[in-house]
Amino acid sequence: MNSTILAATWSDGLFVETGQALHQELRGKVVRALAADGQGGALAIVDGHSLGRRTPTGEWSTIATSEFPLACSVAAGKAIYVGTHDAHVLRVDFNGSIDRLSGFDATPGRNTWYAGTALINGQTVGPPLGVRSIAATADRLNVLANVHVGGIPRSTDGGMSWKPTIAVESDVHEVCAHPVHAELVAAASAIGLCISRDGGATWITEQEGLHALYCSAAAFVGNEIFVAAAEDHFANRGAVYRRGIGGEGLLRPLDGGFAEWTSGIVDTGCISALGSTVCIADKRGNLYVSEDTGGTWSRRASGLPGFSSVLVI
């Protein structure tokens, strides 16, 4: 079966690439945080407050709308966990009912979390404290919420209670779980690639082979882990690296026709894989696709509106 690639944008809906054509959906809307729905379709945050669902045939519907500013989601069985921009986690069922998880608000150490900051033209700016990405292990027993900036709280009881794991100062930008091996979790952080081999309970950090330590996106691709790195969030260029999940060898840059340097960073949610198909989007609207698990690459689109996330379904 041929894969479909969804590429969401911050300002003009999303683009759908089937290998034969590129078409646009939800034109004019802000679409972010694409995620698989577990049924062959996709989830997305639409215009900030709606959790939308796209069927495999391309039909869109709204599962739920919230007063909270929504940021990311993950489907785990019959539940969807949704992270918000103001650092809450909601549990939504596919019928649209929403529960705010008070256990997440009571995570130990929450008082040490803080908003991200950057100095631009002499002014301090940055995203608010929020849940930047969220993941569930393959056995659905562990849910991990990447707080920016607040580490990766982990729940082992369906979101009722949460415990901190990685250090807050690791400054994590994306957490992802292996689709088959429940023990494997990875995180892209400002101090390198972080790996867990116990479902997100404990972490090690890997840096060797990276040209810079600021990692912004990560994804499992077959038996490998891909991670994007740059000097900082506003860097003019970045690179994407790969390494086997077993831990052997250094991280090495992608080759096979992939750009030596991406145009700006590859941000959170902008690496996705399913089967042998992999897609990567950079900050300036370039979409790279591989159909042989990253062996060879082609650039399928360029100059599109800024990407917020990509997904292979």
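Keep in mind the model is a prediction, meaning the values are calculated, not measured.

*Asks:* Would you mind going over the overall build of the chain with me for this structure?
*Replies:* In terms of regular secondary structure, the chain is built from one helix and 30 strands. With respect to the three principal axes, the spread of C-alpha positions in the chain is 45 × 45 × 45 Å. Going through the 313 residues of the chain one by one, you find that 55% of them count as buried. Partitioning the contacts of the chain with sequence separation of at least 6, the portion at a separation of at least 24 is 42%. Averaging the locations of the 22 positively and 30 negatively charged side chains of the chain gives two centres separated by 2 Å.

*Asks:* In this structure, what is going on with the nonpolar core? I would like to understand it.
*Replies:* One recurring pattern in soluble globular proteins: nonpolar side chains tend to sit buried together. One finds Leu51, Tyr81, Val89, Val92, Phe104 and Ile134 to be the most contacted residues of the largest nonpolar core, which totals 33 residues. Within the residue set of this core, elements represented by two or more residues are β4 (31–36), β5 (42–46), β7 (60–65), β8 (70–76), β9 (79–84), β10 (89–93), β14 (130–136) and β15 (143–148). With five residues, the top contributor of residues to this core is β8. Leave out the neighbours within four places in its chain, and Val92 touches Leu51, Ile63, Ala64, Lys78, Ala79, Ile80, Val82, Ser97 and Ile98. In terms of nonpolar packing, the next biggest core, distinct from the first, is built from 28 residues, Val221, Val240, Leu254 and Leu287 among them.

Cut-offs used in this document
Residues numbered from 1 in each chain as written. Predicted model: local features only at pLDDT ≥ 70, side-chain atom pairs only at ≥ 80, totals over all residues. Heavy atoms only, no water. Helix = DSSP H or I, 4+ residues; strand = E, 2+ residues; numbered from the N terminus. Buried < 20%, exposed > 50% of the residue type's maximum accessible area, 1.4 Å probe, protein only. Contact = heavy atoms within 4.5 Å. Lys, Arg positive; Asp, Glu negative; His and termini not counted. Charge placed at Lys NZ, Arg CZ, Asp CG, Glu CD. Core = buried A, V, L, I, M, F, W, Y, C linked by side-chain atoms within 4.5 Å.

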